[in-house]
Amino acid sequence: VDANQHAKYNKNLLSFASITRQVYSAVCTRKARILGCLGCSLLLFGLVSTSSSSVPVPRTRQMRSSPEPEPLLKPPSEEVVNIVFLVFPTSVDNDRHAERLQAMFDTWARNETIRQFEPFKRTWRISVRIINKHGNMRAGKKSDYHSLPAHARIWSPRSNDPTPQFAWALSEIFREYNIAHTEPNTLDLGNLWIVKIDTITYVVLENMLHYLSQLDASAPHFLGRRLRIDDEYVFCSGGAGFVVSGRAAARYVSTWDDCFHESIETNGWLMGARDVGVTTCFRKAGIEPNVTLDDRQRQRFHIFGPARTVKGNMDGWMTDYSNKINEPIQKGLECCSKESVTFHYMEGPEVRLIDDMIHNSAKWLRMESDERVAEWEKINIGGYSAVPDTDNAEMW
């Protein structure tokens, strides 16, 4: 290269450097400068976009404008946990199946990911698997599933019997997540929780995630509303829903064949009563139902909706089974933990109403009691729920 070309090259290079320094000073924020010159240059040339976050913000957190960009990556310490909801059909009022599913995906099950901040700092990856029993009307018609979100799928089990369906569904989860379950004691299953619910079960998702975050997920947990029929049969209510950790599920699947042949196959009642049959096999695998009461001995999992639960208007069998497990039914505010995670026997319209109360409480607090009751009376809550009393301030 001759001297003239070399001088021209140096002059252009110095000009470019000068311009770069000016742009750096004018554009980079204090936070961006910390990233260093290379990071700022990438931002300037459009190779890194800060216009959107890779992890959706949960519905319950309001987006706020900020002069500084959101972090591009999750902190290294942030944990990712999978939670799979197994949604089983119910024999109650079959024609409302589609309405229930739509309400579920419009409320608590609408997000595929939810981030927790202090003190847990983790991301929950949510999956929903709907059990469809080979076209049986109890599982709904094909038209019921035309608008499922991306994180939901339909599974058709091999058996029409409720108890074997649960074992099959657990096996499918392990297959989907590519987890071997043949040696459950040596596996790291601490990032997996599985929740069994019905289509008429409402989940207070924020409370459930908070509750599970306080537990050692690597231990074999079996969580739900405990009931006792007699000395032989203790079980977790299927309606109120139950939660199992990945390690508990692995042990269940590994011992399922023996339990099925020894206890389930020849017992038509255990074959059809999913909650009792499933609990029987968990107990045979050495896993007893956990006590899920809060520190004030209040329930977290509920067999009926909020209004009926507060009133304490329960069926005789439930009162009997609760007393036998030494968890008697309580009325008023002592009925329900502030960390309640599920309510059963809730139809789609009531699910939407309760979800709106939880997440838009200011609107409901401005109403008079008779106005709130009027809103409740507008909807079809079904035969198992109840409308709150107008003058019951404690209930509200």
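One structure accompanies this document, and this report is about it. This is a predicted model, so every value here is computed, not measured.

Parameters at a glance
Residues numbered from 1 in each chain as written. Predicted model: local features only at pLDDT ≥ 70, side-chain atom pairs only at ≥ 80, totals over all residues. Heavy atoms only, no water. Helix = DSSP H or I, 4+ residues; strand = E, 2+ residues; numbered from the N terminus. Buried < 20%, exposed > 50% of the residue type's maximum accessible area, 1.4 Å probe, protein only. Areas by Shrake-Rupley, 256 points an atom, 1.4 Å probe, with all protein chains shown as cover. Contact = heavy atoms within 4.5 Å. Disulfide = S-S within 2.5 Å. Phe/Tyr/Trp six-rings, centres within 6.5 Å; stacked < 30°, edge-to-face > 60°. Axes fitted to C-alpha atoms, helices over the stretch in contact; angles between N-to-C directions. Parallel < 35°, antiparallel > 145°, perpendicular 65-115°, else oblique. Nonpolar A, V, L, I, M, F, W, Y, C, P; charged D, E, K, R; others polar.

## Some points on the overall build of the chain
Stage number 1. Tallying secondary structure elements over the chain gives 14 helices and 12 strands in all.
Stage number 2. The buried share of the chain, reckoned over its 396 residues, is 48%.
Stage number 3. Carbon and sulfur atoms form 50% of the exposed surface of the chain, whose accessible area is close to 20400 Å².

## Some details on helix α4 (residues 97-106)
Stage number 1. Those residues of α4 not exposed but buried are His97, Arg100, Leu101, Ala103, Met104 and Phe105.
Stage number 2. Those residues of α4 that are buried lie in contact with β1 (79-88), β3 (122-131), β4 (152-155) and α12 (348-359).

## A look at unusual backbone geometry
Stage number 1. For Gln297, which is not a glycine, the phi torsion comes out positive at approximately 65°.
Stage number 2. Its place among the elements puts Gln297 in the loop between α9 (274-284) and β11 (301-302).
Stage number 3. Within the chain, Asn326 stands out as a residue other than glycine whose phi angle is a positive 65°.
Stage number 4. One can find Asn326 in the loop between α11 (316-324) and β12 (342-343).

## A closer look at the state of the cysteines
Stage number 1. Applying the stated criterion to the full structure yields two disulfides.
Stage number 2. Cys259 shares a disulfide with Cys281; S-S distance 2.0 Å. An S-S torsion of about -85° defines the bridge between Cys259 and Cys281 as left-handed. In this pair, Cys259 sits in helix α7 (residues 246-264) while Cys281 sits in helix α9, placing the two residues 22 residues apart along the sequence.

## Considering the packing of aromatic side chains
Stage number 1. A full pass over the atoms with the stated rule returns 15 aromatic pairs.
Stage number 2. Taken together, a centroid distance of 5.6 Å and an interplanar angle of 75° make the contact between Phe166 and Phe242 edge-to-face. With Phe166 in helix α5 (residues 162-176) and Phe242 in strand β10 (residues 242-245), the pair connects residues that are 76 residues apart, well separated along the chain. Take Phe166 and Phe242: they sit in the same class, and that class is buried.
Stage number 3. Their ring planes at 80° and their centres at 5.0 Å tell us that Tyr233 and Trp269 sit as a pair that is edge-to-face. Within this pair, whereas Tyr233 is found in the loop between β8 (226-228) and β9 (234-236), its partner Trp269 is found in helix α8 (residues 268-272), the two being separated by 36 residues in sequence.
Stage number 4. Judged by relative accessible area, Tyr233 falls into the buried class, the value being 13%.
Stage number 5. Its relative accessible area of 41% is what places Trp269 among the partly exposed residues.
Stage number 6. By way of ring pairs, the aromatic residues Phe166, Phe222, Phe242, Tyr252, Trp256, Phe260 and Phe282 are connected into one cluster.

## A short note on the environment of Val195
Stage number 1. Looking at the secondary structure, you find Val195 in strand β5 (residues 192-198).
Stage number 2. Here the alpha-carbon distance between Val195 and Phe222, two residues 27 residues apart in the chain, equals 9.9 Å.
Stage number 3. The contacts of Val195, once residues within four sequence positions are left out, are Ile83, Val84, Phe85, Leu86, Met208, Phe242 and Val243.

## Points about the packing of α7 against α9
Stage number 1. Interhelical geometry of α7 versus α9 gives an angle of 110° and a closest axis separation of 8 Å. With respect to α9, the axis of α7 lies roughly perpendicular. Across from Ala248, Tyr252, Trp256, Cys259, Ser263 and Ile264 in α7, the residues of α9 making contact are Gly277, Val278, Thr280, Cys281, Phe282 and Lys284.
Stage number 2. Looking at the contact of α7 with α9 residue by residue, the class counts come to eight nonpolar, three polar and one charged.

Such coordinate-based values are descriptive only and should not be taken to indicate function.
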